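# Coordinate analysis (summary)
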2 protein chains.
Amino acid sequence: MTNIEQMGKVNLAAAAADLTEFWSQRVLAEANGNLFKVAKGVGSTNWHSHEDQDETFLVLSGRITIQLRDRDVELGSGELFVIPRGVEHCPVAEDEVRFLIIGPDVTSNAAGGKPEWSYAKAD
Amino acid sequence: MTNIEQMGKVNLAAAAADLTEFWSQRVLAEANGNLFKVAKGVGSTNWHSHEDQDETFLVLSGRITIQLRDRDVELGSGELFVIPRGVEHCPVAEDEVRFLIIGPDVTSNAAGGKPEWSYAKAD
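Reference entry: report on the structure contained in this document. (Residues numbered from 1 in each chain as written. Chains lettered and ligands numbered in written order. Predicted model: local features only at pLDDT ≥ 70, side-chain atom pairs only at ≥ 80, totals over all residues. Heavy atoms only, no water.)

Before going further, it helps to spend a moment on the overall build of chain A. On a plain count of helices and strands, chain A comes out with one helix and eight strands. Secondary structure elements of chain A occur, N-terminal to C-terminal, as β-α-β-β-β-β-β-β-β. In terms of C-alpha radius of gyration, chain A reaches 14 Å, essentially the compact-globule figure of 14 Å for 123 residues. Taking the principal axes of the C-alpha coordinates as reference, chain A spans close to 50 × 30 × 25 Å. Counting all 123 residues of chain A, 53% fall into the buried class. When contacts within chain A are restricted to residue pairs at least 6 apart in sequence, those whose partners lie at least 24 apart make up 67%. Here chain A displays about 5400 Å² of accessible surface, and carbon together with sulfur accounts for 47% of that area. The distance from the centre of the 11 positive side-chain charges to the centre of the 19 negative ones in chain A is 3 Å. (Helix = DSSP H or I, 4+ residues; strand = E, 2+ residues; numbered from the N terminus. Rg over C-alpha atoms; globule rule 2.2 N^0.38 Å. Buried < 20%, exposed > 50% of the residue type's maximum accessible area, 1.4 Å probe, protein only. Contact = heavy atoms within 4.5 Å. Areas by Shrake-Rupley, 256 points an atom, 1.4 Å probe, with all protein chains shown as cover. Lys, Arg positive; Asp, Glu negative; His and termini not counted. Charge placed at Lys NZ, Arg CZ, Asp CG, Glu CD.)

Once that is clear, we can look at the pattern of salt bridges. Within this structure, the stated rule accounts for 10 salt bridges over all chains. Residues Lys9 of chain A and Glu79 of chain B are paired through a salt bridge, measuring 3.3 Å at the closest nitrogen-oxygen approach. Separated into two different chains, Lys9 of chain A in the segment before strand 1 (10-11) and Glu79 of chain B in strand 7 (residues 79-83) make up a pair that spans both. With relative accessibility at 38%, the residue Lys9 of chain A sits in the partly exposed group. Among the residues examined, Glu79 of chain B registers a relative accessible area of 10% and is labelled buried. Glu21 of chain B serves as the salt-bridge partner of Lys114 of chain B, at 2.7 Å between the closest nitrogen and oxygen. Taken together, the residues Lys114 of chain B in the segment after strand 8 (89-103) and Glu21 of chain B in the loop between helix 1 (12-17) and strand 2 (26-31) connect sequence positions 93 residues apart. (Salt bridge = Lys/Arg side-chain N within 4 Å of Asp/Glu carboxyl O.)

Moving on: the relation of the copies chain B and chain A. Each copy superposes on the other: chain B lies on chain A with an RMSD of 0.0 Å after a rotation of 180° and an axial shift of 0.0 Å. Those values place the two copies in the arrangement expected of a two-fold rotation axis. Of the C-alpha atoms belonging to chain B, the one lying closest to the rotation axis is found on Asn34 of chain B, 4.1 Å away. In this assembly the copies share their binding face: 97% of the residues contributing to the interface of chain B also contribute to that of chain A. (Least-squares fit on C-alpha atoms with pLDDT ≥ 70 in both.)

Counting 28 residues, the largest nonpolar core has Phe36, Leu80 and Leu100 of chain A together with Phe36, Leu80 and Leu100 of chain B as its most contacted members. Filtering out sequence-adjacent residues up to four positions away, Phe36 of chain B remains in contact with Thr56, Leu80 and Ile102 of chain A together with Arg26, Val27, Leu28, Ala29, Ala31, Leu100, Ile101 and Ile102 of chain B. (Core = buried A, V, L, I, M, F, W, Y, C linked by side-chain atoms within 4.5 Å.)

Moving on, we come to the side chain of Lys114 of chain B. All names here are of chain B. For Lys114, a relative accessible area of 8% puts it in the buried group. A distance of 2.7 Å separates polar atoms of two side chains, one belonging to Lys114 and the other to Glu21. Reaching out from Lys114, the side chain makes a polar contact with the side chain of Ser24 at a distance of 2.6 Å. (Polar contact = N/O pair within 3.5 Å; in protein donor to acceptor, adjacent residues only side chain to side chain.)

This paragraph deals with the interface of chain B and chain A. In this assembly, 38 residues from chain B lie in contact with 37 residues from chain A. Of the roughly 3100 Å² buried between chain B and chain A, counting both surfaces, carbon and sulfur atoms make up 60%. Looking at the side of chain B facing chain A, the largest losses of area belong to Lys9, Asn32 and Leu80 of chain B, adding up to 22% of the total buried there. The interface formed by chain B and chain A includes two salt bridges. For the pair chain B and chain A, the number of links is 14 residue pairs in polar contact (both at pLDDT 80 or more). Elements that contribute at least two residues to the side of chain B that touches chain A include exactly strand 1 (10-11), helix 1, strand 2, strand 3 (34-44), strand 4 (55-61), strand 6 (72-75), strand 7 and strand 8 of chain B. With four residues, the single largest contributor to the side of chain B that touches chain A is strand 7 of chain B. (Buried area = accessible area lost by both parts, 1.4 Å probe.)

Printed below as a string of structure tokens:
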């Protein structure tokens, strides 16, 4: 068998509620080379793109606008959107939004658009 | 750029509501070699395992029990669980459940545990 004894289910809303920092991804699970990461956001990140990976957003609660260079994509709870690799984007949320991100790496760093101020809102 | 013009967001509840057949996966999006597939179920599949891929369940509405050989994992709305490759499982749902499955291939076939009767409930 495998290390199945270590596996558990994840309640996504509870995992999101535990987050203390905006625009920081917490890894909940791994499958087929992809990570399931929960995050919350308010305000916006910086414009950025990921050259090496697609990034999938799945909104758990609230609303987020994925700004692309040619249009905006508005996402509400239960909506999913894939940002293909290499496509510039800048997520923005008027009020707090909680979401799942699926992709092979954690991208909540400066290169991944994480704003400086997000580090200060850790309380 | 890419074929970004063809991309759209997906409302998962609406996609699930459109399904006509139980235990059949419909591909909604692809990212990083994985497919995002929506499905609904009632009753159970047959016992099976996937030797080549992990299978991630994310429940959209209702409840499902992922039976494993050594325990049952009960999942409700907003809960996620990864079945590692090679691990035998048999999902069962007392009432209709709708869920997302993430993995590299469509697995709703006989080898993937799809029961014969699922084909008959296509109305």
